[in-house]
Number of protein chains: 2
Amino acid sequence: MLYGAVETGGTKIICGVIDETGELLDILRFPTDTPEYSVEKIAGFFSNHDICAIGIGSFGPVDINETSKTYGNILDTPKLQWRNYPFVERLKTKLNIPIIIDTDVNCACLGEVKFGAGQGLDNVIYITIGTGIGVGVVLNGKTLKGMLHPEGGHILLRRNSLDTYVGKCPYHKDCFEGLASGPAIAERVGRPAFELEEDDSAWDIEVDYIAQALSNYVLTYSPEKIILGGGVLEQLHLYPLIRNKVKEYLNGYIRTPQISNLDEYIVPAKLKGNQGLYGAYYLAKTIDKKG
Amino acid sequence: MLYGAVETGGTKIICGVIDETGELLDILRFPTDTPEYSVEKIAGFFSNHDICAIGIGSFGPVDINETSKTYGNILDTPKLQWRNYPFVERLKTKLNIPIIIDTDVNCACLGEVKFGAGQGLDNVIYITIGTGIGVGVVLNGKTLKGMLHPEGGHILLRRNSLDTYVGKCPYHKDCFEGLASGPAIAERVGRPAFELEEDDSAWDIEVDYIAQALSNYVLTYSPEKIILGGGVLEQLHLYPLIRNKVKEYLNGYIRTPQISNLDEYIVPAKLKGNQGLYGAYYLAKTIDKKG
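We now turn to the structure provided with this report. Because the structure is predicted, anything quoted here is derived from the model rather than measured. (Residues numbered from 1 in each chain as written. Chains lettered and ligands numbered in written order. Predicted model: local features only at pLDDT ≥ 70, side-chain atom pairs only at ≥ 80, totals over all residues. Heavy atoms only, no water.)

**Observations concerning the interface of chain B and chain A**
Stage number 1. Every contact between the two is made by 43 residues of chain B and, on the other side, 43 residues of chain A.
Stage number 2. Joining chain B to chain A, the criterion identifies four salt bridges.
Stage number 3. A salt bridge links aspartate 174 of chain A to arginine 158 of chain B, with the shortest nitrogen-to-oxygen separation between them at 3.3 Å.
Stage number 4. Applying the counting rule to chain B against chain A returns 28 residue pairs in polar contact (both at pLDDT 80 or more).
Stage number 5. Elements that contribute at least two residues to the side of chain B that touches chain A include exactly helix 6 (202-221) and helix 7 (238-250) of chain B.
Stage number 6. For the side of chain B that touches chain A, the element with the most residues is helix 6 of chain B, which contributes seven residues.
Stage number 7. For the side of chain B that touches chain A, the per-class residue count stands at 21 nonpolar, 14 polar and eight charged. (Contact = heavy atoms within 4.5 Å. Salt bridge = Lys/Arg side-chain N within 4 Å of Asp/Glu carboxyl O. Polar contact = N/O pair within 3.5 Å; in protein donor to acceptor, adjacent residues only side chain to side chain. Helix = DSSP H or I, 4+ residues; strand = E, 2+ residues; numbered from the N terminus. Nonpolar A, V, L, I, M, F, W, Y, C, P; charged D, E, K, R; others polar.)

**Structural notes on the relation of the copies chain B and chain A**
Stage number 1. Rotating chain B by 180 degrees and translating it 0.0 Å along the rotation axis places it on chain A, where the RMSD comes to 0.0 Å. The two molecules are tied by a two-fold rotation axis, judged by turn and shift. Every residue of chain B has its C-alpha some distance from the rotation axis, and the shortest such distance is that of arginine 158 of chain B, at 2.5 Å.
Stage number 2. When the interface residues of chain B are mapped onto chain A, 98% of them again fall at the interface, so both copies present the same face. (Least-squares fit on C-alpha atoms with pLDDT ≥ 70 in both.)

**What to know about the pairing of strand 7 (residues 133-139) of chain B**
Residues and elements named next belong to chain B.
Stage number 1. Strand 7 sits mainly inside the fold: seven of its seven residues count as buried.
Stage number 2. Neither face of strand 7 is open: one carries Ile133, Val135, Val137 and Leu139, the other Gly134, Gly136 and Val138, and all of them are buried.
Stage number 3. Sheet topology places strand 6 (residues 124-129) next to strand 7; six bridges connect them, and they run antiparallel. Across the sheet, tyrosine 126 pairs through a bridge with glycine 136, a residue of strand 7.
Stage number 4. From the end of strand 6 to the start of strand 7, which pair antiparallel, there are three residues.
Stage number 5. Pairing geometry for strand 7 and strand 8 (residues 142-143), over two bridges, is antiparallel. Looking across to strand 8, one finds that valine 138 is bridged to threonine 143.
Stage number 6. If you look at the hairpin formed by strand 7 and strand 8, you'll find two residues sitting between the two strands, and asparagine 140 has a positive phi there, around 50 degrees. (Buried < 20%, exposed > 50% of the residue type's maximum accessible area, 1.4 Å probe, protein only. Pairing = 2+ DSSP bridges.)

**Quick notes on the packing of aromatic side chains**
Stage number 1. In this structure the tally under the stated criterion is 23 aromatic pairs over all chains.
Stage number 2. Relative to tyrosine 221 of chain B, the ring of tyrosine 221 of chain A has its centre 5.8 Å away and its plane inclined at 80 degrees; by these criteria the two rings are edge-to-face. In this pair, tyrosine 221 of chain A is assigned in helix 6 (residues 202-221) and tyrosine 221 of chain B in helix 6, connecting two distinct chains. As far as the burial class goes, tyrosine 221 of chain A and tyrosine 221 of chain B line up, both buried.
Stage number 3. Ring geometry for phenylalanine 59 of chain B against tryptophan 82 of chain B: centres 5.4 Å apart, planes inclined by 80 degrees, an arrangement best described as edge-to-face. In this pair, phenylalanine 59 of chain B is assigned in the loop between strand 4 (51-58) and helix 2 (87-95) and tryptophan 82 of chain B in the loop between strand 4 and helix 2, connecting sequence segments 23 residues apart. Side by side, phenylalanine 59 of chain B and tryptophan 82 of chain B carry an identical accessibility label, which is buried.
Stage number 4. Taken together, Tyr3, Phe115, Tyr278, Tyr281 and Tyr282 of chain A form an aromatic cluster joined through their ring pairs.
Stage number 5. Here lysine 79 of chain A stacks its cationic end above the ring of phenylalanine 59 of chain A, 4.5 Å away from the centre of that ring. (Phe/Tyr/Trp six-rings, centres within 6.5 Å; stacked < 30°, edge-to-face > 60°. Lys NZ or Arg CZ within 6 Å of the ring centre and 35° of its normal.)

**Quick look at the sheet that holds strand 8 (residues 142-143) of chain A**
Residues and elements named next belong to chain A.
Stage number 1. Taken in spatial order, the five strands of this open sheet run 8-7-6-9-10, and their pairing is mixed. Edge positions in the sheet fall to strand 8 and strand 10 (266-268), since each has one partner strand and no second.
Stage number 2. Across three bridges, the pairing between strand 9 (residues 225-229) and strand 10 is parallel. Following the sheet pairing, leucine 228 is matched in strand 10 by proline 268.
Stage number 3. Sheet strands in contact with helix 3 (residues 104-115) are strand 6 (124-129), strand 7 (133-139), strand 8 and strand 9, and its direction is about 50 degrees off that of strand 7. (Axes fitted to C-alpha atoms, helices over the stretch in contact; angles between N-to-C directions.)

Set out below in structure tokens:
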């Protein structure tokens, strides 16, 4: 049995064919283009493989409510050509197999829970910090949907007292994403984040914002583990700093074995950038079981 | 079939006997005392009724993980006599019927979802602002537990620029509870919150903190409805102000039918202070179905 997994991002789309054991047999990457062209490419790739279902991790906002009439539609995105595009419906028309969709970050979280750093746990959150900031959530073993889907990258934080940068979010200016995404760091310091030395004071500001956000997520979601991914969080020197600052913010209020051992509580993703694809694969497998 | 429902708070304990139709047949209220005395009172009350199960909504922190060896124990509470007290176990020994426990605010949320302002919905949050601030969460129709349970009353907020009050939380000083609980308002203005005129500028500060918190909950939990309770939120003149400020903070980022109609999205609790008891009753009914 073969499964299709798709991850659609703002700049690129990745498609994978994965077998029942989890082996990635074929992969295609291409730049995100118009929805028609993208669907054509995705369908063309999968039509060469005998797959039984597809899981998609999509950029948002997207309708992931399976009971909704507009399930699988891209919603009110700034990518105008994709706005209100019936993504799942169009792909289904071309391939005529079951398709399930969730957000890119929910899929990444699910991938890590099922195959990566969150294995064996039912309540895990995944935060990616790169071009944007996204939060994926698995609670009771399932991705969180709710009214729409989590948008935890945009929570309001306290401005660090040393930070005079105005913030980059077009909606909220200085929300978490506006203050701490890769482009926000770059704009604050005038050069790309990856060029900063490990001891650059810009990292103290970054760590403060990340730790504030993680502390708020601990208090709201009560996750059993926090998994971090994305370009900025490949800077492994940040992890001890983040853990210390989270401890400082929580200040002894939450007393659990997990919080006593932050080294194993706040951890990097294990799937090396494939977490979204593997989450989508897992979703595809759940369809198969239903049918 | 009769069910027992218990709500234990910092100052008082309420026990109710409720029949299958939801009618409250008998009720007992008494001040929270030592755990032994309290358990004696609870057991004495219920032993006069032929109840088949008990649901408890308890102050926290409390072990609500049904698979845990210490399920039903009060955890690291500042109420020293209750610390590590095996609440459910002791009550079970006396009454020999099934007992299920969750937090007071999770029960209040569940009560509103099943019988009050959240009926028909699967994803709802309940915030109570009184002596403290608590957040109860129902997602996919079930209360959120996770590593411990939500403690969303303690999230970090931005200090309002007009507010010079230091904050009242013993752990975080100026977290949400530290800045916006009833006692925090009273300490800020030098008299009880209920004595303030509706146009007192202290309400602007309070509304700002509540709206920041609700905006962050919208972004993290993506609830289908937000239900408000507790003494401070009996001030109905605050609701339009809170809704306007939430709209301002979200600033068009979340576009859903619910957010377009905040009058029906951010609403007061319907069960007039009995939401916790009715949530506990609902939990008791779920046990019965299992057995």
